[in-house]
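Each chain, written out:
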Protein chains: 2
Amino acid sequence: MKRRLLTISACGALAVAVAFLAAAGSQAQAPGAARYTADGKLEFPKDYRTWIYLSTGLDMSYLPLPASMMGHHMFDSVFVDPASYAAFQKTGTWPDGAVFVLEVRGAQDKGSINKSGQYQTTTVMGRETHVKDKRFASGWAFFPFGTGEGPAAALPQASDCNKCHEAHGAVDTTMVQFYPTLLPIAEAKKTFSAAYLAEEKAR
Amino acid sequence: MKRRLLTISACGALAVAVAFLAAAGSQAQAPGAARYTADGKLEFPKDYRTWIYLSTGLDMSYLPLPASMMGHHMFDSVFVDPASYAAFQKTGTWPDGAVFVLEVRGAQDKGSINKSGQYQTTTVMGRETHVKDKRFASGWAFFPFGTGEGPAAALPQASDCNKCHEAHGAVDTTMVQFYPTLLPIAEAKKTFSAAYLAEEKAR
């Protein structure tokens with residue numbers, strides 16, 4: 001589980017203030033205003049399922065999968081707070097206060113009338129947030145919540161999550177290369193990181 | 001493509017009026033107010049990616065997959081307009097005017113730093129909506145948009161989509177059995193259809 005969260009992650013939880021979603025003519029009060037506890041932990045953003053959906057993968061991994069994974073499947077889905085999504089539409093990058101939630105969920109093949117493929121079950125296997133906030137030296141931090149909803153402490157700034165996202169995230173340490181509706185915006189706004197562009201060029 | 005849309009569907013497009021999302025303490029003007037053309041076609045709800053995400057499957061099918069599908073993968077994701085989602089939280093069923101969008105999207109395994117599993121690509125392979133509206137004899141209609149964004153005519157009320165959803169949809173002709181955050185609500189509110197309960201009991 002730990003390795004999984006680490007390898008697929010791209011998420012977080014904080015949103016600075018009440019803001020309005022200006023995308024597509026609609027308007028929505030940002031539900032993503034996360035809060036820190038007095039001792040600096042992040043409160044779990046319980047309403048993230050009403051945030052903006054970015055994408056889902058099945059069994060994604062940035063490392064070769066071990067044999068023990070065979071036959072076990074997981075979906076990973078990423079959500080972002082509405083105000084930050086609206087900002088990305090205009091700028092191709094994230095404002096301070098952007099919050100992402102990665103949700104890892106069980107997968108099942110047979111059930112009800114489904115005969116093949118995989119669908120999502122009610123079992124949440126883990127959740128992690130990724131927050132853009134100047135209080136952290138790098139400007140970003142990861143908060144693993146596991147299967148609970150209690151406040152979570154930030155991972156160290158030198159965590160594998162931080163290092164991988166800094167090295168490979170297409171836009172400002174986030175994995176926009178896996179978010180199909182954001183990728184064309186970043187391309188148009190030319191907001192890809194230098195590291196990502198170099199990596200893609202060398203591919 | 002046609003069979004695929006037919007077998008996995010659960011979607012639509014209309015939302016009666018401006019409404020407010022009351023879920024989880026947030027408030028959002030419903031962006032899902034879809035419109036019909038003068039000749040009764042449904043306008044494509046262009047802002048559906050800011051609606052509420054319900055779930056994603058990979059290669060789901062309600063029929064055994066043909067050999068020709070081997071090696072080809074697709075994600076199907078379902079979104080619902082915010083006002084109808086908020087209503088479901090309270091009642092366990094859908095209000096008149098509920099609108100669902102099914103999005104079928106390409107899948108890819110290798111790309112950027114991903115080594116295994118599948119992630120979503122920028123290729124949209126089809127979209128279909130499912131609308132609850134008293135103007136239709138059964139109270140529901142499907143609108144296939146294909147890969148375009150032009151207005152779509154409703155499928156006949158006796159279409160395979162209609163028949164399958166009427167026979168197997170867990171709640172009011174919708175496939176809530178595949179929407180993990182809604183399934184426990186329907187269970188608690190006891191809003192499963194008689195047909196679905198009988199089918200599960202016989203399993």
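Here the structure is a predicted model, which is why all the values come from computation and not from measurement. (Residues numbered from 1 in each chain as written. Chains lettered and ligands numbered in written order. Predicted model: local features only at pLDDT ≥ 70, side-chain atom pairs only at ≥ 80, totals over all residues.)

Trainee: Help me understand the overall build of chain A in this model?
Mentor: In terms of helices and strands, chain A carries five helices and five strands. Listed N to C, the secondary structure of chain A is α-β-β-α-β-β-β-α-α-α in terms of helices and strands. Scored against the burial criterion, the 203 residues of chain A give a buried share of 51%. Contacts in chain A between residues at least 24 apart in sequence constitute 57% of all its contacts with a sequence separation of at least 6. (Helix = DSSP H or I, 4+ residues; strand = E, 2+ residues; numbered from the N terminus. Buried ≥ 20, exposed ≤ 12 C-beta atoms within 10 Å, placed from the backbone. Contact = placed C-beta atoms within 7 Å.)

Trainee: What is the right way to read the pairing of strand β1 (residues 52-61) of chain B from this model?
Mentor: Note on strand geometry: in a regular strand, side chains alternate between the two faces of the sheet. Among the ten residues in β1 of chain B, ten count as buried, and that is most of the element. Of the strand pairs in this sheet, strand β4 (residues 116-132) of chain A and β1 of chain B are connected by two bridges, and their pairing is antiparallel. Looking across to β1 of chain B, one finds that Gln118 of chain A is bridged to Leu58 of chain B. Sheet topology note: the β1 of chain B/strand β2 (residues 74-80) of chain B ladder contains six bridges and is antiparallel. (Pairing = 2+ DSSP bridges.)

Trainee: Just checking my understanding: could you explain the confidence of the model for chain A for this structure?
Mentor: Interpretation of the predicted coordinates at a detailed level should be avoided for regions scoring low in pLDDT. Residue and element names in this part refer to chain A. When the pLDDT values of chain A are averaged, the result is 82; 80% of them are 70 or greater. Within chain A, helix α4 (residues 183-189) carries the highest mean pLDDT (98), whereas helix α1 (residues 2-8) carries the lowest (36). The low-confidence segment residues 1-32, where pLDDT is below 50, has 124 contacts with residues more than four positions distant or belonging to other chains. In the predicted complex, the global pTM is 0.84; the interface-specific ipTM is 0.83. (pLDDT = per-residue confidence, 0-100.)

Trainee: Before we go on, may I ask you to explain helix α3 (residues 160-168) of chain A in this structure?
Mentor: Side chains of residues three or four places apart in an α-helix project in the same direction, reflecting 3.6 residues per turn. Considered for burial, the residues of α3 of chain A that qualify are Cys161, Asn162 and His165 of chain A. Relative to the axis of α3 of chain A, the buried residues are bounded by an arc of 95 degrees and lie together on one face. (Arc of directions from axis to C-beta.)

Trainee: How should I be thinking about unusual backbone geometry in this particular structure?
Mentor: Most peptide bonds adopt trans geometry, and most residues besides glycine take a negative phi value. Even without being a glycine, Asp172 of chain A presents a positive backbone phi close to 50 degrees. Counting through the fold element by element, Asp172 of chain A comes out in the loop between α3 and α4.

Trainee: Please clarify how the environment of Gly150 of chain B should be interpreted in this entry.
Mentor: All names here are of chain B. For Gly150, the position within the fold is in the loop between β5 (140-146) and α3 (160-168). Among the residues examined, Gly150 registers 10 C-beta atoms within 10 Å and is labelled exposed. When the C-alpha atoms of Gly150 and Pro45 are compared, they prove to be 10.0 Å apart, with 105 residues separating the residues in sequence.

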